[in-house]
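Geometric and topological summary
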Amino acid sequence: MHNDFYSTLYSLLQKGDVERRTIYSSSSVALYQNGELKYKEGEGNWDTPDLVETIKPEPHLVIFGAGHVSKAIAEIAAVLQMKVTVIDEREEVLNRERFTHNEELILEPYESFLSKESTFFRPYYIIVTHGHTYDRACLEWCLKSNYTYLGMIGSKGKVATTFSLLEKEGVSPETLKSVHAPIGLSIGAVTPEEIAISILSEIISVFRDNKYSVTLDPLFLERLKNARGISARIVEKRGSAPRAVGSEIFISESGKVFGTVGGGRVEKETIDEARRMLEKGEKTKLIHYNLSSKGDLNMICGGDVSMLFTAVE
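Given the structure is predicted, the values throughout are model-derived calculations rather than measurements.

Quick reminder: α-helices carry 3.6 residues per turn. Residues three or four places apart thus point the same way. In this model helix α5 (residues 156–168) runs 18 Å from its N-terminal to its C-terminal C-alpha over 13 residues, within 8% of the 18 Å that 1.5 Å per residue would give. Regarding α5, the residues found buried are K158, V159, T162, F163 and L166. Along the long axis of α5, the arc covered by the buried residues comes to 130°, so they all point the same way. α5 presents K156 and K168 as exposed residues on the side facing more than 90 degrees away from its buried surface. Residues of α5 that are buried sit in contact with α4 (132–142), β9 (149–152) and α6 (173–176). Looking one or two residues past α5, G170 carries a phi angle of roughly 110°, positive in sign.

Here you go:
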C-alpha cells in the first residue's frame, strides 16, 4: 500500500464519509465516495469485495458557550470519550475549575473568533451561548464551514426568528434545514444535565446512522501520510473482542506506534508480528487470533479477530 492511500482518505473524509472496500487475498483496497470510485490499489471485483465499511472521522464536539448546559455536555462527552472544544469570551465560566476533562478551551471574544475561518475537521457544532445575538452570529459562521452536525439551543419561536433573519441575508431554506433547532431529542428535558443527554443522544443518532461504520482519528491519518511501516487492521470480529472491525494500528519503520487494536496481549502480538514482517520484508498477511483462555494468546475476553497486515511504502 502506498502513502497516497492515507493522504487520499484524509482528503476525502474532509468532504464526507468514505466507503472502503477490501479484498483479503491480495490486500487490494478501494475508496468510494457518493458511489464513485476515488482511489484503488490492486485489482479485483470491487462489486463483491470481502469487506465493505463506511469510514467517518471520530466525533469532535465544538461547543459555543461555556454555561451550565455546556459544562454538562462536556462531562457526559468525557464518559463517551469524545473530543471536546469549548469556546467562550467569559473567563469566569471558561476555566479549568469548571472543565476538568482535558477539553480544548478557547477563551476569545466571539467577534474575534468568528472573524477567522474554521480549522475543525467536520465537527459537531453545538451552539449554547449566553445571548441570542451570539447564537445567531455563531450559527451564521458554522453554516459556512463543512460540518457533520449543527445544532442550536432555543425555543421554536426564537429559532424561527433567527432563521427568518438569516434567510433575509441570503441563507437558503435548504441550508437551514440541516440545522437541528431546537437542539436535541424531544425527551422533555428540563435540567442542564437532561438537556445535555438529549443533545448527545441526537448526536449519537447522527454518528451511528450506519452500524457498519468505522471511526478514524484524522490525526492518525495525517501522521501516516508520509510514513513507512506496517498497518494492521481488524477485518473480522466474533464474540467479545475488545475493538470493532476497522480498528487499526500502525508500526513505523522507526519503531513508533500509532492507533490501537484493543491493547493487551492481542495488541502486543500484533506489534511483534508487524516488526517481524518489517525485518523479513513481508508485504501482507491475514492472521486469525483466538481471544479465549484456550487460544494461543491465553486471553479471557473470548471471541476472536482476524487481522490484515499490509506494508505501507
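Take the nonpolar core next. The biggest cluster of nonpolar side chains holds 25 residues, and the ones touching the most others in it are L61, I73, I126, I199 and I203. Counting only elements with at least two residues in this core, the list comes to β5 (60–64), α2 (68–79), β6 (83–88), β8 (124–127) and α7 (192–207). Among the nonpolar cores identified, the runner-up in size contains 24 residues, and F113, C138, C142 and L176 belong to it.

This part takes up the sheet that holds β5. Spatially, the five strands line up as an open sheet ordered β7-β6-β5-β8-β9, and their pairing is parallel. Each edge of the open sheet is held by one strand with a lone partner, namely β7 (104–107) and β9. Taking the axes of each pair of neighbouring strands and ignoring which way they run, one obtains an average angle of 15° across the sheet. Strand direction decides the pairing type here: β6 and β7, joined by four bridges, are parallel. Directly across from I87, in β7, lies its bridge partner I106.

What counts, and at which threshold
Residues numbered from 1 in each chain as written. Predicted model: local features only at pLDDT ≥ 70, side-chain atom pairs only at ≥ 80, totals over all residues. Heavy atoms only, no water. Helix = DSSP H or I, 4+ residues; strand = E, 2+ residues; numbered from the N terminus. Expected span 1.5 Å × (residues − 1). Buried < 20%, exposed > 50% of the residue type's maximum accessible area, 1.4 Å probe, protein only. Arc of directions from axis to C-beta. Contact = heavy atoms within 4.5 Å. Core = buried A, V, L, I, M, F, W, Y, C linked by side-chain atoms within 4.5 Å. Pairing = 2+ DSSP bridges. Axes fitted to C-alpha atoms, helices over the stretch in contact; angles between N-to-C directions.

These figures capture arrangement, not role.
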